[in-house]
Amino acid sequence: MQDGFNDPLWRQVVSGAQMLFVAFGALVLMPLITGLDPNVALFTAGLGTLLFQLVTGRQVPVFLASSFAFITPIILAKGQFGLAETMGGVMAAGFVYTFMGLMVKIKGTGFIDRLLPPVVIGPVIISIGLAMAPIAANMAMGKAGDGSALMPYQTAMLISMPALLTTLLVAVFGKGMFRLVPIISGVLVGFALSFAFGVVDTAKIAAAPWLELPNFTAPAFNWQAILFIVPVALAPAIEHIGGVIAVGSVTGRDYLKKPGLHRTLLGDGLATTAAGLFGGPPNTTYAEVTGAVMLTKNYNPKIMTWAAVFAITLAFIGKFGALLQSIPVPVMGGILCLLFGSIAAVGMNTLIRHRIDLAEARNLVIVSVTLVFGIGGVLIGSGDGPDDWGLKGIALCAVVAIALNLILPGNDGWKNNKLDDQLP
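Residues numbered from 1 in each chain as written. Predicted model: local features only at pLDDT ≥ 70, side-chain atom pairs only at ≥ 80, totals over all residues. Heavy atoms only, no water.

Draft legend 1. Just the environment of Leu51, in detail. Relative to the assigned elements, Leu51 resides in helix α2 (residues 38-56). Expressed as a C-alpha distance, the spacing of Leu51 and Leu64, which sit 13 residues apart in the sequence, is 9.8 Å. Setting aside anything within four residues of it in sequence, one finds Leu51 in contact with Leu270, Ala271 and Ala274. (Helix = DSSP H or I, 4+ residues; strand = E, 2+ residues; numbered from the N terminus. Contact = heavy atoms within 4.5 Å.)

Draft legend 2. Fine view of the confidence of the model for the protein chain. Averaged over all residues, the pLDDT of the protein chain is 88; the fraction at 70 or higher stands at 93%. Averaged pLDDT values over the elements of the protein chain bottom out at 45 in helix α20 (residues 419-422) and peak at 97 in α2. Low pLDDT (under 50) marks residues 419-424, which in the prediction has 25 contacts with non-local residues, meaning those over four places away or in another chain. (pLDDT = per-residue confidence, 0-100.)

Draft legend 3. Layout of the packing of aromatic side chains. Counting across every chain of the model gives seven aromatic pairs. Here the aromatic rings of Phe81 and Phe228 are separated by 6.0 Å at their centres, their planes lie at 70°, and the arrangement is edge-to-face. Of this pair, Phe81 sits in helix α3 (residues 71-81) while Phe228 sits in helix α11 (residues 223-229); the two residues are 147 residues apart in sequence, bridging distant segments of the chain. Each member of the pair, Phe81 as well as Phe228, is classed as buried. Aromatic rings pair up to connect Phe43, Phe216, Phe278 and Phe316 into one cluster. Across the ring face of Trp210, the terminal group of Lys319 is positioned such that the distance to the ring centre comes to 5.5 Å. (Phe/Tyr/Trp six-rings, centres within 6.5 Å; stacked < 30°, edge-to-face > 60°. Buried < 20%, exposed > 50% of the residue type's maximum accessible area, 1.4 Å probe, protein only. Lys NZ or Arg CZ within 6 Å of the ring centre and 35° of its normal.)

Draft legend 4. Quick peek at the pattern of salt bridges. A full pass over the atoms with the stated rule returns one salt bridge. The salt bridge involving Arg11 is made with Asp7; its shortest N-O contact spans 4.0 Å. (Salt bridge = Lys/Arg side-chain N within 4 Å of Asp/Glu carboxyl O.)

Draft legend 5. Focus on the nonpolar core. Counting 108 residues, the largest nonpolar core has Leu27, Leu29, Phe63, Phe68, Phe70 and Met100 as its most contacted members. Top contributing element to this core by residue count: helix α1 (residues 9-34), with twelve residues. When neighbours within four sequence positions are excluded, Met100 is seen to be in contact with Phe111, Ile112, Leu116, Leu234, Ala237 and Leu265. (Core = buried A, V, L, I, M, F, W, Y, C linked by side-chain atoms within 4.5 Å.)

Right, here's the structure in full:
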């Protein structure tokens, strides 16, 4: 069987570049949405992947990069606490993965089944997707997240809708490797239209140096910001476990046993902590890269090492970062209309796949309260200022969902939803 382990070095290098290309669209879109530096995101994705490989003994062919689950809390935390404090929260989120890895090592996966059953994870993921829907719509119409106009409505729609349509068509009708890059396809079409309408600031691209140190940001630690971001880490933790199981099903290996779920969680935790240390977005395993592994049947983890090396190299090309940051808001807004809806759909599918009966009062209470708290803007605390205590949005709904699941009678239902059954 051709699995890539005996490929010559040049073929491993080419495969690594191919894997980065597959991941690239989502990798840079997340920092562009949240206002982080895309070059820093490239650097921390490469560094995080290398740390993951170090911890797991380079056994799992996955690539770690920007997690979309953190978009909402990062945007809100930046506005409320500042970038440095937000990065402190990201580092703390990485410690959550590390702690979960330690608990898996000590107690096995049973505690995750009990703490995060589908009735908890489903509505939290739905909230992550729908909470940002108004911002995606505003961006598609040429507005900032707060609704202020950035460009004429007609121009924005003539850019955002073709970008969205391209993304949809590639995702549905694309063949082979092309089908794995719908985001980057939509960005290219939207960017080309932006040039045609003259809304791209080329002066900044021309002024940027070819080689430049990424705009690293040191973290600062604020317990309110940490409390705001840390609960969100629970949903991507399930995403991580699902990704490890998925790549195991592709390669025919049980990575939950070797190198072990505790090691993969530790690797993801260190990658996310390192991202916060440098000012980058939290990391997670990329499903599109797993799809590329399945398509190419190249299971050699060394190709992810090369993908990481290419990502780190691109991070130091100043003009490349300036080009990415010049992408107009409607381009991203059009694509986000699909992405945020897709995140919500994953949450709904979690409830449907595990046959969560919403006619049962317990399940209805957990799902209903979680959705309203997550999407409706409920605040528990003294206010929104940086010096006030407060818990709201995705962080609040995650805490509420877990608490209700543990407190309400009937919590033994988790036994029918073991980890291996719960995830793809």
